[in-house]
Amino acid sequence: MDRLDAMKVFVVAVDEGSLAAAGRKLGRSPAAVSRAIAFLEERAGGKLLYRTTRSIKLSEEGARYVALCRRVLTELDEADILISGERSVPRGTLSLTAGLFNGEALLLPVVEAFLDAYPTISVRLMLVDRPVNLIDEDIDVALRIGNLADSSMVATRIGEVERVVVAAPSYLRNHPRIEEPSDLAKHQIIAMAHIPSSWTFPPASGSSAPRTVQFAPRLVLNSVRAVVASALGGRGVARVLSYQVAEHVRRGELEIVLADEDPPLPVHLLSPHGRLSVPRVRAFVDFAAPRLKSHFARLAKDVTYRRSSTRS
């Protein structure tokens, strides 16, 4: 049996969720799909799938093996594209990832415009609020906010964001003025679940000690959208990233009452080494980077202006 063909069958079975569904997609019987997987298991010397005709479940070894299969098959496809000289017409499936909020707010509009511009490319966009291993999960490009630690990736910087403390004008009219972090002790706090009881700010002028504000939040949420919605409803004060509230600040629905003086957090498009040589990946980065840079430049200018206007 052809090993690469068996790998393709294995990947399709995992993606489709059952042997029967994989068979339908590939035009093969469930028995033929099962034989291909058994062939790989024999070569690997271990169980890859726990399976019936209706459902499958990856073993621990299978989860690692399917990631390797995806990588091998992707690299073969990329080699075929490069050799056949199809740089002028990028094609194939592009795999992207981002966090749930920034993926919906920032990346999805760019992806939709990219699909219109490149009809021979399709996109698989994975929006998850967890660390994603780009190599293991076969991702071409990731949108990441924050300082980078992984030097094995190629990073294209597209902008920066800062943390801001915001509240609705209706809330601020009925509560004490906020001029420094310690003033937050007098306010109702809307907190994120992963940081429910304190916020840390840069040191005050002349000091080297960060300022940490302890509080008992009135409302704890695990969704950025929910935090922003509650702040818009006048429920209290929230701390978010500037891009998450830019439109609401621009429309006067939220006011920036405090902003970090620390260096802003960088925003990058990340790709595994070598992936930018693939035409569809290069095309996307070249398409997305200037649009996202322009977006973040406008956001930074607008947030700075609104913050200055609020303080004056």
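Cut-offs applied
- The numbering scheme is per chain: residues are counted from 1 as the chain's sequence reads.
- Note on the predicted model: pLDDT of at least 70 is required for a residue's local features to be given, and 80 or more for side-chain atom pairs to be given and counted; whole-chain, interface and lining totals, by contrast, use all residues.
- The basis for the side-chain values is all heavy atoms of the structure; hydrogens and waters are excluded.
- A run of H or I in DSSP becomes a helix once it reaches four residues, and a run of E becomes a strand once it reaches two; helices and strands are each numbered from the N terminus.
- The definition of a polar contact used here is a pair of N or O atoms within 3.5 Å, where within protein one atom must be able to donate a hydrogen and the other to accept one, and adjacent residues in sequence count solely through side-chain atom pairs.
- Contacts are residue-level and defined by heavy atoms, with any inter-residue pair within 4.5 Å sufficient.
- Any two strands with at least two DSSP-identified bridges between them are counted as paired.
- Helix axes are fitted only over the stretch in contact, all axes being lines through C-alpha atoms; the angle between N-to-C directions runs from 0 to 180 degrees.
- In this scheme, a helix's expected span is set at 1.5 Å multiplied by one less than its residue total.
- The bend reported for a residue corresponds to the angle between axes fitted to the seven residues ending at that residue and the seven starting there.
- The rule is simple: take the accessible area with a 1.4 Å probe, protein chains only, and divide by the maximum for that residue type; under 20% is buried, over 50% is exposed, in between is partly exposed.
- Angle categories are assigned with fixed cut-offs, so that under 35 degrees is roughly parallel, over 145 is roughly antiparallel, 65 to 115 is roughly perpendicular, and the rest are oblique.
- Two helices crossing with the near one rotated counterclockwise from the far one by less than a right angle form a left-handed crossing, whereas a clockwise rotation gives a right-handed crossing.
- Polar here means any residue outside two lists: the nonpolar Ala, Val, Leu, Ile, Met, Phe, Trp, Tyr, Cys and Pro, and the charged Asp, Glu, Lys and Arg; Gly therefore counts as polar.

Caption draft 1: Layout of the side chain of Gln244. Mapped onto the secondary structure, Gln244 falls in helix α8 (residues 242-250). In terms of polar contacts, Gln244 uses its side chain to reach the side chain of Tyr243, at 3.4 Å. Sequence-distant contacts of Gln244, defined by excluding residues within four places in its chain, comprise Phe101, Val224 and Val228.

Caption draft 2: Region of the structure containing the sheet that holds strand β4 (residues 121-127). Taking strand neighbours across the sheet as the criterion, the five strands line up as β4-β3-β5-β14-β6 in an open arrangement whose pairing is mixed. Edge positions in the sheet fall to β4 and β6 (153-161), since each of these pairs with one other strand and no more. Between one strand and the next, the sheet's axes are offset by a mean angle of 20°, whatever the strand orientation. Note that β6 and strand β14 (residues 265-272) share eight bridges and pair antiparallel. Its bridge partner being in β14, Glu160 is matched across the sheet by Pro266. Against the sheet, helix α5 (residues 100-117) touches β3 (92-98), β4 and β5 (141-145), its axis set at about 175° to β4.

Caption draft 3: Up close: unusual backbone geometry. Of note in the backbone geometry, Asp138 takes a positive phi value of approximately 55° without being a glycine. Within the fold, Asp138 resides in the loop between β4 and β5.

Caption draft 4: Seen up close, α5. Along its 18 residues, α5 runs 24 Å from first to last C-alpha, staying within 8% of the 26 Å computed at 1.5 Å per residue. Where α5 bends most, the angle comes to about 50°, and this point is Leu107, followed within four residues by the proline Pro109. Buried residues of α5: Phe101, Asn102, Gly103, Leu106, Leu107, Val110, Val111 and Phe114, and no others.

Caption draft 5: Region of the structure containing the sheet that holds strand β11 (residues 219-221). What the five strands build is an open sheet, ordered β11-β8-β12-β7-β13; its pairing is mixed. This sheet does not close on itself; its edge strands, each paired only once, are β11 and β13 (255-259). Across the sheet, the axes of successive neighbouring strands diverge by a mean angle of 35°, strand direction being ignored. Both strand β8 (residues 189-192) and strand β12 (residues 237-241) contribute to a ladder of two bridges, which runs parallel. Looking at β12, one finds that Ile189 is bridged to Val237.

Caption draft 6: Structural detail: the packing of helix α1 (residues 3-16) against helix α3 (residues 30-44). Here α1 crosses α3 at 115°, and the two axes come no closer than 9 Å. In terms of orientation, α1 lies roughly perpendicular with respect to α3. Relative to α3, α1 is oriented so that their crossing is left-handed. For the pair α1 and α3, contact is made by Arg3, Ala6, Met7, Val9, Phe10 and Ala13 and by Val33, Ala36, Ile37, Phe39, Leu40 and Arg43, respectively. Classifying every residue of the contact of α1 with α3 by side-chain character gives ten nonpolar, no polar and two charged.

Caption draft 7: The arrangement of α8 in detail. Among the nine residues in α8, seven count as buried, and that is most of the element. Of the positions making up α8, those classed as buried are Ser242, Tyr243, Gln244, Val245, Ala246, His248 and Val249. Where α8 terminates, the next one or two residues include Gly252, which has phi positive at roughly 80°.

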